[in-house]
Amino acid sequence: MNKGIFITFEGIEGSGKTTQGKILVEKLKREGFNVLYTYEPGDTQAGKHIRGILLNSEIRINPLCELLLYFADRVQHIEEKIKPSIESGFIVICDRFTDSTFVYQGYARGISIDLIKRLNKVILDKFIPDLTILLDCPAEVGLKRNQKINKKDRFEIENLDFHEKVRRGYLELVQVNKKRFFVLDATQSIDKISEEIYKKVKSIISHGI
Ligand code: TMP
């Protein structure tokens, strides 16, 4: 059996990652591909508890504790869901992955990028996505979209400046991982974005990374 493909979606709050991830899953399933849709943090039994702590703005945790909980969630997620699915030939579509840790805990919260890199190396041992789709838009646009659905977790209560740092963090990551990232302007229509994503994913399925 061929190995599967690991695709991640990244972007600030309200960038449309979840919508686009789900559209991609539906399109691929319609064509008969085996697809797993998953997300971080929280898509395992243990992960649900970890997510409960991470996103509850009323539970006080310090930045390092937050960082380690994201890694804890990820270790469980990779071992329990992502790796077995890839090994069975599935296309795995994951809403957020390690890039989120670099930008939220690193660029925005201010934890040393070097520390995150070292932890990443030790804990994940070069397990990286084949393709990362970044939906890029100004923080103001994303936050306005989110206000409409009235979400308020630990990160949604952060100010515009925090989310601008997240956005800039992503754009810096793109510069050092040009081959892996596919960046799209998230202010375009849902249909236009989903078409571009689909074209890119199909070309990877047909011709490799
Ligand atoms: P979401 O399910 O709405 O995307 O919420 C997850 C939140 O967790 C989002 O605000 C970003 C944050 N996050 C981090 O700060 N670091 C991480 O490593 C991940 C995966 C998510």
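Small disclaimer: the values here were computed from a predicted structure and weren't measured. (Residues numbered from 1 in each chain as written. Predicted model: local features only at pLDDT ≥ 70, side-chain atom pairs only at ≥ 80, totals over all residues. Heavy atoms only, no water.)

Caption draft 1: Structural view of the site of the ligand. With respect to spatial proximity, 15 residues lie near the ligand, and among them E13, Y70, R96, T101 and Q105 are the closest. In this structure, an oxygen atom belonging to the ligand sits 2.8 Å away from a side-chain N or O atom of E13. A distance of 2.8 Å is found between an oxygen atom of the ligand and a side-chain nitrogen or oxygen belonging to R96. Listing elements by their share of the shell around the ligand, those giving two or more residues are α2 (45–55), α3 (63–87) and α4 (98–108). Counting residues per element, the shell around the ligand draws most heavily on α4, at four residues. Partitioning the shell around the ligand into residue classes produces five nonpolar, three polar and seven charged. (Near = heavy atom within 4 Å. Polar contact = N/O pair within 3.5 Å; in protein donor to acceptor, adjacent residues only side chain to side chain. Helix = DSSP H or I, 4+ residues; strand = E, 2+ residues; numbered from the N terminus. Nonpolar A, V, L, I, M, F, W, Y, C, P; charged D, E, K, R; others polar.)

Caption draft 2: Representation of the layout of surface pockets in the model. By volume, the second largest pocket is sized at about 440 Å³. Lining of the second largest pocket is provided by 18 residues; of these, F102, K117, N120, N177 and R180 occupy positions nearest its centre. The set of elements that each furnish at least two residues to the lining of the second largest pocket consists of α4, α5 (113–124) and α7 (160–176). When grouped by side-chain class, the residues that make up the lining of the second largest pocket number ten nonpolar, three polar and five charged. (1 Å grid on protein atoms, 1.4 Å probe; cavity = no way out; pocket = protein on both sides within 12 Å on 5 of 7 lines; lining within 4 Å. Points joined across faces, edges and corners; volume = space filled by probe spheres on them.)

Caption draft 3: Broad picture of the pattern of salt bridges. In the structure shown here, the tally under the stated rule is 13 salt bridges. Between R96 and E13 there is a salt bridge, and its shortest N-O distance comes to 3.7 Å. Of this pair, R96 sits in the loop between β3 (91–95) and α4 while E13 is found in the loop between β1 (5–11) and α1 (17–30), placing the two residues 83 residues apart along the sequence. Residue R96 is classed as buried on the basis of its relative accessible area, which comes to 12%. For the salt bridge of E66 with R109, the shortest nitrogen-to-oxygen distance reads 3.1 Å. Linking E66 in helix α3 with R109 in the loop between α4 and α5, this pair joins segments that are 43 residues apart in sequence. Exposure remark for E66: the relative accessible area of 2% places this residue in the buried category. It is possible to trace a salt-bridge network through shared partners that takes in E10, E13 and R96. (Salt bridge = Lys/Arg side-chain N within 4 Å of Asp/Glu carboxyl O. Buried < 20%, exposed > 50% of the residue type's maximum accessible area, 1.4 Å probe, protein only.)

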